[in-house]
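Geometric and topological summary
Residue strings, one per chain:
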Amino acid sequence: MTTLVEELDPNLAGRQLPGDLTTIARHQSAIADHALHAETDPDTGEYAHSIWFLIIALRGMGISVDELCALAEKRESDTLLFGTCGIDQIQPLVVGHTYRTTASIDSVNRRTSKDGSILDSLTVTVTLFDTGAPSEAVGAVTSVYLFKRGQDH
Amino acid sequence: MTTIGPGYHLPTFVVDEVSGEHIRQVALILDDPNPIHFDLAAVAAAGMGTREINQGGSTMAYIVNMITAWTGSRSALKRIKCRFRDNVRAGDTVTAGGVILEVTGRGATRRALCEVWADRGDGCRVIDGTAIVLIPETSQSA
């Protein structure tokens, strides 16, 4: 017997998430560069890899990935996938700096994929501010999280 | 001096074999509990094969590496947007590529709109998207 999750609550759209503070620790930056096959910043030596926007967006929503999954009513049989990701880098991030993030759920959606799977999605935008210069955003990340619904038996 | 303009292909960035250990390191940094990145039983249970799944953000990072290597600066990337089309697994080869679609602006504000992608070793395009990049001042426009 197949059971389906009801469509996501449309009231999730517009919900503000708690946000957070995240520091780009030097050792984590170095390990990330290594794991991502990146050379150390060739310019100033102090800029973090731009993918730290994504790292901070994920860590800086103010809720865990599991909590995000709970909002989407993810079940054991469902799979979390990354749909799209957009990074706006107004200023490069700096190793050792701390960033305050604000976050919100922009929209929720449901569609059926080519193989007949039900795909629910949450679009989340996270905006980053350097705590050393807090008035202007240094960038933003908009991510679409997909929940491929499995079938219960 | 390099001539930059529509149709110019960015030098590619290649990861010869994605490492399962690197996938685990990134999972730790991301604080990502998704077991498909480190638990082979979970990968199999999800019907996703027998090897760890690379984070989409990591594959996207290879595209960023390509841009940084071309421009010589981590500050050159202004915007990137990627769609994740398929998975990369531990052991896969990934090639990041890009082509300039349009050049706008002048001098220090000259920038290129690029189509960017990441291809798996079997030819599958796992990421496609666009990027806006400040063009190195050592190049000249077509």
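To be clear, the structure that these remarks concern was listed above.
The paragraphs below set out a description of the structure included in this document. Being a predicted model, the structure only gives us computed values, none of them experimental.

Below, the discussion takes up the interface of chain A and chain B. With 39 residues of chain A at the interface, the matching set in chain B holds 33 residues. With both sides pooled, the region where chain A packs onto chain B buries about 3,000 Å², and carbon together with sulfur makes up 60% of that total. Sorting the residues of chain A by area buried against chain B places Leu-36, His-37 and Gln-89 of chain A first, and these three jointly supply 19% of that buried surface. Inspection of the region where chain A meets chain B yields two salt bridges. Ionic pairing is found between Arg-79 of chain B and Asp-88 of chain A, a salt bridge with its closest N-O pair at 2.4 Å. Put simply, chain A and chain B have 15 residue pairs in polar contact (both at pLDDT 80 or more) between them. At the level of elements, α1 (26-35), α2 (52-59), α3 (65-71) and β2 (79-89) of chain A are the ones that each hand at least two residues to the side of chain A that touches chain B. A per-element tally of the side of chain A that touches chain B places β2 of chain A first, with eleven residues.

Turning our attention to the side chain of His-49 of chain A. Here His-49 of chain A shows up in the loop between α1 and α2. When near neighbours in sequence (up to four residues on either side) are disregarded, His-49 of chain A contacts Asp-33 and Ala-38 of chain A together with Ala-61, Val-64, Asn-65 and Arg-74 of chain B.

This next bit is on the packing of aromatic side chains. For any pair of aromatic rings, the description consists of the separation of the ring centres together with the inter-plane angle of the planes. Considering all chains together, one arrives at three aromatic pairs over all chains under this definition. With a centroid separation of 4.8 Å and an interplanar angle of 5°, the aromatic rings of Phe-82 of chain A and Phe-84 of chain B are classed as stacked. Of this pair, Phe-82 of chain A sits in strand β2 while Phe-84 of chain B sits in strand β3 (residues 77-84), placing the two residues on different chains. With relative accessibility at 13%, the residue Phe-84 of chain B sits in the buried group. Ring pairs connect the aromatic residues Phe-82 and Tyr-145 of chain A together with Phe-84 of chain B, which therefore count as one cluster. Between the NZ or CZ atom of Arg-100 of chain A and the centre of the ring of Phe-129 of chain A, over which it lies, the distance is 4.6 Å.

Given a rise of 1.5 Å per residue, 16 residues ought to cover 22 Å, and the 23 Å separating the end C-alpha atoms of helix α3 (residues 56-71) of chain B matches this to within 8%. Looking one or two places after α3 of chain B, you find Gly-72 of chain B, whose phi comes out positive at around 80°.

Before going further, it helps to spend a moment on unusual backbone geometry. With phi around 55°, Glu-73 of chain A is a residue other than glycine that occupies positive phi space. Among the residues examined, Glu-73 of chain A registers a relative accessible area of 44% and is labelled partly exposed.

Another aspect to go through is the packing of α1 of chain A against helix α1 (residues 20-30) of chain B. Running from N to C, α1 of chain A and α1 of chain B cross one another at 145°; their axes reach a closest spacing of 9 Å. Read as a crossing pair, α1 of chain A and α1 of chain B show a hand that is left-handed. On α1 of chain B, the residues touching Gln-28, Ile-31, Ala-32, His-34 and Ala-35 of chain A of α1 of chain A are His-22, Gln-25, Val-26 and Ile-29 of chain B. Class assignment for the residues of the contact of α1 of chain A with α1 of chain B results in five nonpolar, four polar and no charged.

Counted by the stated rule, this structure contains 16 salt bridges over all chains. Between Asp-78 of chain A and Arg-149 of chain A there is a salt bridge, and its shortest N-O distance comes to 2.8 Å. Remark: Arg-149 of chain A occurs in the segment after β5 (137-148) and Asp-78 of chain A occurs in the loop between α3 and β2; sequence separation between them is 71 residues. Across the pair, Arg-149 of chain A and Asp-78 of chain A agree in class, each one buried. Between Asp-122 of chain B and Arg-120 of chain B there is a salt bridge whose closest N-O contact spans 2.9 Å. A relative accessible area of 13% means that Arg-120 of chain B is categorised as buried. Within this structure, Arg-75, Asp-78, Arg-110, Asp-120 and Arg-149 of chain A form a network of salt bridges that share partners.

Rules of the game
- Residues numbered from 1 in each chain as written.
- Chains lettered and ligands numbered in written order.
- Predicted model: local features only at pLDDT ≥ 70, side-chain atom pairs only at ≥ 80, totals over all residues.
- Heavy atoms only, no water.
- Contact = heavy atoms within 4.5 Å.
- Buried area = accessible area lost by both parts, 1.4 Å probe.
- Salt bridge = Lys/Arg side-chain N within 4 Å of Asp/Glu carboxyl O.
- Polar contact = N/O pair within 3.5 Å; in protein donor to acceptor, adjacent residues only side chain to side chain.
- Helix = DSSP H or I, 4+ residues; strand = E, 2+ residues; numbered from the N terminus.
- Phe/Tyr/Trp six-rings, centres within 6.5 Å; stacked < 30°, edge-to-face > 60°.
- Buried < 20%, exposed > 50% of the residue type's maximum accessible area, 1.4 Å probe, protein only.
- Lys NZ or Arg CZ within 6 Å of the ring centre and 35° of its normal.
- Expected span 1.5 Å × (residues − 1).
- Axes fitted to C-alpha atoms, helices over the stretch in contact; angles between N-to-C directions.
- Left-handed = near helix turned anticlockwise from the far one by under 90°.
- Nonpolar A, V, L, I, M, F, W, Y, C, P; charged D, E, K, R; others polar.

Nothing here speaks to function; it is all geometry.
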